[in-house]
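# Summary of the model geometry
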Amino acid sequence: VQLQASGGGLVQAGGSLRLSCAASGDISGINVMGWYRQVPGKQRAFVAGIVSGGSMNYADAVKGRFTISRDNAKNTVYLQMTGVKPDDTAVYYCNARVTVWGRRESNYWGRGTLVTVSS
């Protein structure tokens, strides 16, 4: 299973950006998909998550500004970022709990995409 994230880049404070992450491989199902972020010297932190049925949850720091969504047919999760702030600058990682045919559910990470917010 591979998770391929895209959409990072440089954005001005107050602007918007959309991240995408597509899972590929011999996948029979994906339970939870989500986004985490990490800045140098700090632990990776939860940003947002969405389960296969559509329920979502968010870190307090991004509530009301970020929206997570997923396309189950495409095994893809999105993160729409609006009203971004310099504190949102980080490497964003997608995460998914994936069941591969004939195997137990496992946790997978994408490589990360850098988001830089200029003030």
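That block above? That's the structure.
This text gives an overview of the structure that appears in the document. Keep in mind it's a predicted model, so treat the numbers as computed, not measured.

Before going further, it helps to spend a moment on the state of the cysteines. All told, the structure shown has 1 disulfide when counted by the stated rule. The residue that forms a disulfide with Cys21 is Cys94, at a sulfur-sulfur distance of 2.0 Å. When the S-S torsion is 45°, as for the bridge of Cys21 with Cys94, the disulfide is right-handed. Placement of Cys21 in strand 3 (residues 17-24) and of Cys94 in strand 9 (residues 90-100) is noted, with a sequence separation of 73 residues between them.

A full pass over the atoms with the stated rule returns 2 aromatic pairs. On the basis of an interplanar angle of 75° and a centroid distance of 5.5 Å, the ring pair of Tyr36 and Phe46 is categorised as edge-to-face. Note that Tyr36 is positioned in strand 4 (residues 27-38) and Phe46 in strand 5 (residues 45-51), a separation of 10 residues in sequence. Residue classification places Tyr36 among the partly exposed residues on the basis of a relative accessible area of 24%. With a relative accessible area of 30%, Phe46 lands in the partly exposed category. One cation-aromatic arrangement involves Arg44 over Tyr93; the distance from NZ or CZ to the ring centre is 3.6 Å.

Conventions we followed
- Residues numbered from 1 in each chain as written.
- Predicted model: local features only at pLDDT ≥ 70, side-chain atom pairs only at ≥ 80, totals over all residues.
- Heavy atoms only, no water.
- Disulfide = S-S within 2.5 Å.
- Helix = DSSP H or I, 4+ residues; strand = E, 2+ residues; numbered from the N terminus.
- Phe/Tyr/Trp six-rings, centres within 6.5 Å; stacked < 30°, edge-to-face > 60°.
- Buried < 20%, exposed > 50% of the residue type's maximum accessible area, 1.4 Å probe, protein only.
- Lys NZ or Arg CZ within 6 Å of the ring centre and 35° of its normal.

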